[in-house]
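An overview of the molecular structure
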Amino acid sequence: MAVDLLLGLQWGDEGKGKIVDVLTSNYNIIARFQGGPNAGHTLVFNGMKHVLHTIPSGIFHEDAVNLVGNGVVIDPVIFKNELDKLATQDVDYRKSLVISRKAHLILPTHRLLDAASEASKGKAKIGSTLKGIGPTYMDKTGRNGIRVGDLELDNWKEKYRALANKHESMVEFYNVDLEYNLEELETEFFKAVDVLKSLKFIDSEEYLHQALRDQKSILAEGAQGSLLDIDFGTYPFVTSSNTTAAGACTGLGIAPNSIGDVFGIFKAYTTRVGSGPFPTELFDEDGETMGRVGNEFGATTGRSRRCGWLDLVALRYACQVNGVTQLMMMKADVLSGFKSLKVCTAYNYKGNIIHHLPYNVEPENVTPIYTDFEGWKEDLTEMNNESILPNALNTYIDFLEKELQIPIKIVSVGPDRKQTIFR
Ligand code: IMP
């Protein structure tokens, strides 16, 4: 059996949670491989909306095992809140949730460091979700981090204290106004750690290898999007992990030749939350309409998302870096009612026409070149079959498939599980 991957191809918020939920019944194991509670994966079914931050999106399916991989960073406090919510919904997570011993922990002082670092940057701030993601991955690569497996050792609190003390002096070094009560934060943290310790910790790479030998099917769930990848995204306005396909190998311990399909999720337009370049961003009524109709507010921070036309230059790049085999287009319904639509097919880069994503994508270097499309008026949200989609939408889809040379297998026409058209 192979491991299939599911990834976002833009700047996050593509709708990965919904598609994992839709696909889960095809898989025995759903495994998150990177990121942490900066993610907000939204699932809607039976008239209820659920937002998951660290827990894999297969958790609502009784038969799936949900694995938090070694590449993920876990904030025990946020994790406990997620568990508490699941408990109110009668989800028996103890049976179906396992955590890699090699996943790193986000400490309260990591969150403080994130806030201090952002405050010190002023206008150049990343627009981080302030969940402590960057500082935790810094401690991971700096070989100072505390891992889930450490919680099984007697002396882990000594290690914690030494690291937290170091962080406190680093916070002082930033010399910014930051009010906090570490004692309170730590009380909450240690309580949450106790809850975390009651869950099943595993050597997850061995678990997955055995699962593959046992012919189990595995879906690796990515977080954020390819353009937020630490190496291939719009650096420095990115997150701190590899959000692309390679991240699934390092974040789960699976070999590249174990990968089967790579499902690439993208919105029919583009959004971005936080700072950083966004060539096709709209500052007009069209952008405002996308934001309003698409309810483009961050699932984690509530911040409004910046909106713009679909950028095929960036999308092609993401497909290449990830080796996407199937595409899934989300939120097609949001584009209903636009008289005409635009898709960026090339950039004017310092006076030259280019078709690849260059090193500098800031507005002073890049002007998008668009192809225009006729819009459609029909409401798509009740449509359940490809054959009844408006012609103008089919033209839009055909164009994208031809440009990207990858089939679009799913068109999503609303947030609910049921509002999914398979092609
Ligand atoms: P951080 O990972 O919280 O430090 O945020 C770094 C950048 O990535 C910021 O611009 C965030 O808005 C963005 N970001 C992080 N996680 C997500 C996500 O799940 N969806 C969309 N943007 C995200």
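Residues numbered from 1 in each chain as written. Predicted model: local features only at pLDDT ≥ 70, side-chain atom pairs only at ≥ 80, totals over all residues. Heavy atoms only, no water.

Enumeration according to the criterion identifies 20 salt bridges in this entry. Among the salt bridges present, the one from Asp13 reaches Arg305, with a minimum N-O distance of 3.2 Å. One end of the pair, Asp13, is in the loop between strand 1 (3-8) and helix 1 (16-23); the other, Arg305, is in the loop between helix 10 (285-293) and strand 13 (306-308), with 292 residues separating them in the sequence. When the shortest N-O distance is used, the salt bridge between Asp75 and Arg111 registers 3.1 Å. Of this pair, Asp75 sits in the loop between strand 6 (73-74) and helix 2 (76-88) while Arg111 sits in helix 4 (residues 108-121), and the two are 36 residues apart along the sequence. (Salt bridge = Lys/Arg side-chain N within 4 Å of Asp/Glu carboxyl O. Helix = DSSP H or I, 4+ residues; strand = E, 2+ residues; numbered from the N terminus.)

Counting residues in hydrophobic clusters, the biggest one holds 57 residues, and the most contacted among them are Phe266, Leu327, Met329, Leu335, Tyr396 and Leu400. Of the residues forming this core, the biggest block, 6 residues, is contributed by helix 12 (residues 391-404). With near-sequence residues (within four places) excluded, Met329 lies in contact with Phe266, Lys267, Ala268, Leu393, Tyr396, Ile397, Leu400, Ile408, Ile410, Val411 and Ser412. Core analysis: the second largest hydrophobic core is formed by 33 residues, Ile59, Ile74, Leu97 and Leu196 among them. (Core = buried A, V, L, I, M, F, W, Y, C linked by side-chain atoms within 4.5 Å. Buried < 20%, exposed > 50% of the residue type's maximum accessible area, 1.4 Å probe, protein only. Contact = heavy atoms within 4.5 Å.)

Turning our eyes to something else, we now look at the packing of helix 11 (residues 312-322) against helix 12. Viewed as axis vectors pointing N to C, helix 11 and helix 12 meet at an angle of 50 degrees, and their least axial separation amounts to 10 Å. Considered as vectors, helix 11 and helix 12 are oriented oblique to each other. As helix 11 runs across helix 12, the sense of the crossing is right-handed. Side by side, helix 11 and helix 12 meet where Leu312, Leu315, Arg316 and Cys319 of the first sit next to Phe399, Leu400, Glu403 and Leu404 of the second. (Axes fitted to C-alpha atoms, helices over the stretch in contact; angles between N-to-C directions. Parallel < 35°, antiparallel > 145°, perpendicular 65-115°, else oblique. Left-handed = near helix turned anticlockwise from the far one by under 90°.)

As a further point, take the site of the ligand. Near the ligand lie 16 residues; those nearest to it are Asn38, Ser128, Thr129, Thr239 and Arg303. Measuring from a nitrogen atom of the ligand, one finds a side-chain N or O atom of Asp13 at 3.1 Å. Between Thr129 and the ligand, the recorded distance is 2.5 Å, taken from a side-chain N or O atom to an oxygen atom. Calculation on the ligand without its partners gives an accessible area of 470 Å², and the protein chains cover 96% of this total. Tallied by class, the residues present in the shell around the ligand amount to 6 nonpolar, 8 polar and 2 charged. (Near = heavy atom within 4 Å. Polar contact = N/O pair within 3.5 Å; in protein donor to acceptor, adjacent residues only side chain to side chain. Areas by Shrake-Rupley, 256 points an atom, 1.4 Å probe, with all protein chains shown as cover. Nonpolar A, V, L, I, M, F, W, Y, C, P; charged D, E, K, R; others polar.)

In this section: helix 8 (residues 204-213). All buried positions along helix 8 are accounted for by Ser204, Leu208, Ala211 and Leu212. End-on, the buried residues of helix 8 take up no more than an arc of 100 degrees, which puts them together on one face. One or two residues past the end of helix 8 sits Gln215, with phi positive at roughly 65 degrees. (Arc of directions from axis to C-beta.)

This part takes up unusual backbone geometry. Put simply, Tyr235 and Pro236 share a cis peptide bond, and its omega is 5 degrees. Considering the arrangement of structural elements, one finds Pro236 in the loop between strand 10 (218-221) and helix 9 (245-252). At Arg143, a residue that is not glycine, the phi angle is positive and equals roughly 65 degrees. Residues other than glycine seldom take positive phi values, yet Lys331 does so here, at roughly 60 degrees. Note that Lys331 resides in the loop between strand 15 (326-330) and strand 16 (340-349).

Turning to the state of the cysteines, a few remarks are in order. One pass over the full model with this rule turns up 0 disulfides. Between Cys307, a cysteine without a disulfide, and Cys344, which holds the nearest cysteine sulfur, the sulfur-to-sulfur distance is 16 Å. Between Cys344, a cysteine without a disulfide, and Cys319, which holds the nearest cysteine sulfur, the sulfur-to-sulfur distance is 14 Å. (Disulfide = S-S within 2.5 Å.)

Before going further, it helps to examine the packing of aromatic side chains. With the rule as written, the count across this model stands at 12 aromatic pairs. Between Phe189 and Phe190, the ring centres sit 5.5 Å apart and the planes meet at 65 degrees, which makes this aromatic pair edge-to-face. Here Phe189 falls in the buried class, since its relative accessible area comes to 0%. Seen in terms of ring centroids, Phe373 and Tyr396 are 5.6 Å apart; in terms of plane orientation they differ by 80 degrees. Their pairing is edge-to-face. Pair noted here: Phe373 is in strand 18 (residues 366-374) and Tyr396 is in helix 12, with a separation of 23 residues, a long-range link. (Phe/Tyr/Trp six-rings, centres within 6.5 Å; stacked < 30°, edge-to-face > 60°.)

In short, shape yes, function no, at least from these values alone.
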